[in-house]
Amino acid sequence: MKKKVLAAFMVACMSLGMMACGGSGDTTADAPAADAGTADAGAAGTESAPAADAGAEDSAAGGTITIGFSQVGAESDWRTANSESMKSTFSKENGYELIFDDAQQKQENQIAAIRNFIQQEVDYIVLAPVTETGWDAVLQEAKDAGIPVIIVDRMVEVSDDSLFTAWVGSNFQLEGEKAAAWLDAYLTAAGRGEEEINIVDIQGTIGASAQIGRTNGLQAAVDAHDNWTLLAAETGEFTQAKGQEVMESLLKQYGDQIDVVYCENDNEAFGAIDAIEQAGYTVGLDGDMIVMSFDSTNAGLTDVLNTKISCNTECNPLHGPRVADIIQKLEAGGEVEKEQYVDEEIFAVDGTVATVNVDGVDYEVTVVTQDVIDARAY
Ligand code: AHR
């Protein structure tokens, strides 16, 4: 996988004709973090997309490549790391001009931004979509303008998949299934396999792939367990403030009936933990409520280390180098995989569950230590 990053970097060097790229070691300061290129090309790539057309032609001569990037917003630590990855990758030094638009979690802002990018005749449009649906019309406009569109992070659901060139992001359903498998294995190992377990789900932005996959992963496990009850599922919009607000209201409604709080990202978990503790309850495997989370950001794993979050399933935000790899392949006239899932880990507070099994595949569970946190890029 590191080979892949290196290859993209070399192609970038060649197409830009930048002597500095290979010349001196200190020019790598702008290069992405070492573990950034973990796109698992083999995991899910199904079909290939044709090389980019009109937009790419302008930039193929070796000039600056202009990217219009419509980012969801700045709702979470994950999103901040993702924006940073895109900005550091698509820098002037690397031969790009990045037009970055923060849509503040609103699809209408993203549609306006894309129309703006089309007017500005950018070489590529990169879209991190807030929700899956509602993109057909504007992506058709981009296609008509001959601008290749790369989807990153969450997915789009469109009637014609030629409306985008490639997608790279997470397998959110697998994330949810891994988390639910950990809960099942933990409760069984702890002698609570037959106990009545009440769960609340603080969901992400409704209609986002990250919400759909994680909610579905939990729901499937609830359906498979007669003794698990999903007391409530309510959106926390992937933010700390809303996560806290939702948890406060759930505590008023269900109080100490709640056994497990399944938060669909780290920031919601931070807010939920504040609400739980302020209400006088304790969190953790030996506490009143088990808190689970997604993302595995630095702060999220720190809350695992201090035993507040019991299980944290990774969602990797370092997509900049992956998108650059796709663009450089297109610039070189090559083919790219239509869909690429990234490899992701699962972390826990202790080693009670060594591996989780989903669809016959074992995934190792990493016990969080300070060294584990220190070794990570986000
Ligand atoms: O789409 C990825 C999700 O979006 C991350 O889990 C969350 O933190 C972000 O806001």
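Below: a short report on this structure. Values in this document were obtained by computation on a predicted structure and should not be read as measured data.

The geometry of helix 8 (residues 172–189) relative to helix 9 (residues 209–224) is characterised by a closest axis approach of 7 Å and an angle of 35° between their N-to-C directions. Helix-helix and strand crossings are classified by hand; for helix 8 and helix 9 the assignment is right-handed. Facing Phe-172, Gln-173, Glu-175, Gly-176, Glu-177 and Ala-180 of helix 8, the residues of helix 9 in contact are Ser-209, Ala-210, Gly-213, Arg-214, Asn-216, Gly-217, Leu-218 and Ala-221. Residue composition of the contact of helix 8 with helix 9, grouped by class: five nonpolar, six polar and three charged.

Time to look at the packing of aromatic side chains. Describing an aromatic ring pair means giving the distance of the ring centres and the angle of the ring planes. Counted by the stated rule, this structure contains five aromatic pairs. Aromatic pair Trp-167 and Tyr-341: ring centres 5.1 Å apart, planes at 80°, arrangement edge-to-face. Of this pair, Trp-167 sits in strand 7 (residues 166–169) while Tyr-341 sits in strand 14 (residues 339–342), and the two are 174 residues apart along the sequence. Note on Tyr-341: relative accessible area 25%, which makes it partly exposed. Centroid distance Tyr-262 to Phe-294: 5.3 Å. Interplanar angle 75°. Geometry classified as edge-to-face. Of this pair, Tyr-262 sits in strand 10 (residues 260–263) while Phe-294 sits in strand 11 (residues 290–295); the two residues are 32 residues apart in sequence, bridging distant segments of the chain. The side chain of Lys-338 reaches across the aromatic face of Phe-164, ending 4.5 Å from its centre.

By the element assignment, Ser-209 lies in helix 9. Between the C-alpha atoms of Ser-209 and Met-155, which are 54 residues apart in sequence, the distance is 6.0 Å. Here Ser-209 is in contact with Glu-132, Arg-154, Met-155 and Phe-172, once residues within four sequence places are set aside. A polar side-chain atom of Ser-209 sits 2.7 Å from a polar atom in the side chain of Glu-132. Among the polar contacts made by the side chain of Ser-209, one reaches the main-chain amide nitrogen of Met-155 at a distance of 2.8 Å.

One non-glycine residue with positive phi stands out, namely Asp-153, at about 75°. Within the fold, Asp-153 resides in strand 6 (residues 149–153). Since its relative accessible area comes to 2%, Asp-153 is described here as buried. A positive phi angle, close to 60°, is found at Ser-296, a residue other than glycine. Inspection of the secondary structure assignment puts Ser-296 in the loop between strand 11 and helix 12 (298–305).

Below, the discussion takes up the pattern of salt bridges. Inspection of every chain in the model, using the stated rule, returns 12 salt bridges. With a shortest N-O distance of 2.9 Å, Arg-79 and Glu-75 are connected by a salt bridge. As far as burial versus exposure is concerned, Arg-79 and Glu-75 are alike and both buried. Among the ionic pairs, Arg-154 bridges to Asp-153, the shortest N-O distance being 3.8 Å. By the burial criterion, Arg-154 is buried, and Asp-153 matches it. Through salt bridges with shared partners, a single ionic network connects Glu-75, Arg-79, Asp-153 and Arg-154.

Bringing the sheet that holds strand 12 (residues 311–314) into the picture now. Strands pair in a sheet through their backbones, by hydrogen bonds, and they do so in one of two ways: parallel or antiparallel. Spatial strand order, 9-8-10-11-12-15-17-16: eight strands in an open sheet with mixed pairing. Where the open sheet ends on each side, the last strands, each with one partner, are strand 9 (228–235) and strand 16 (355–358). The sheet shows a mean angle of 20° between the axes of neighbouring strands, taken without regard to direction. By the bridge criterion, four bridges tie strand 11 to strand 12 in an arrangement that is parallel. Within strand 12, the residue paired with Met-292 across the bridge is Cys-311. Lying over the sheet, helix 8 contacts strand 8 (197–203), strand 9, strand 10, strand 11, strand 12, strand 15 (346–348), strand 16 and strand 17 (361–367), oriented at roughly 155° with respect to strand 11.

The rules behind these values
Residues numbered from 1 in each chain as written. Predicted model: local features only at pLDDT ≥ 70, side-chain atom pairs only at ≥ 80, totals over all residues. Heavy atoms only, no water. Axes fitted to C-alpha atoms, helices over the stretch in contact; angles between N-to-C directions. Helix = DSSP H or I, 4+ residues; strand = E, 2+ residues; numbered from the N terminus. Left-handed = near helix turned anticlockwise from the far one by under 90°. Contact = heavy atoms within 4.5 Å. Nonpolar A, V, L, I, M, F, W, Y, C, P; charged D, E, K, R; others polar. Phe/Tyr/Trp six-rings, centres within 6.5 Å; stacked < 30°, edge-to-face > 60°. Buried < 20%, exposed > 50% of the residue type's maximum accessible area, 1.4 Å probe, protein only. Lys NZ or Arg CZ within 6 Å of the ring centre and 35° of its normal. Polar contact = N/O pair within 3.5 Å; in protein donor to acceptor, adjacent residues only side chain to side chain. Salt bridge = Lys/Arg side-chain N within 4 Å of Asp/Glu carboxyl O. Pairing = 2+ DSSP bridges.

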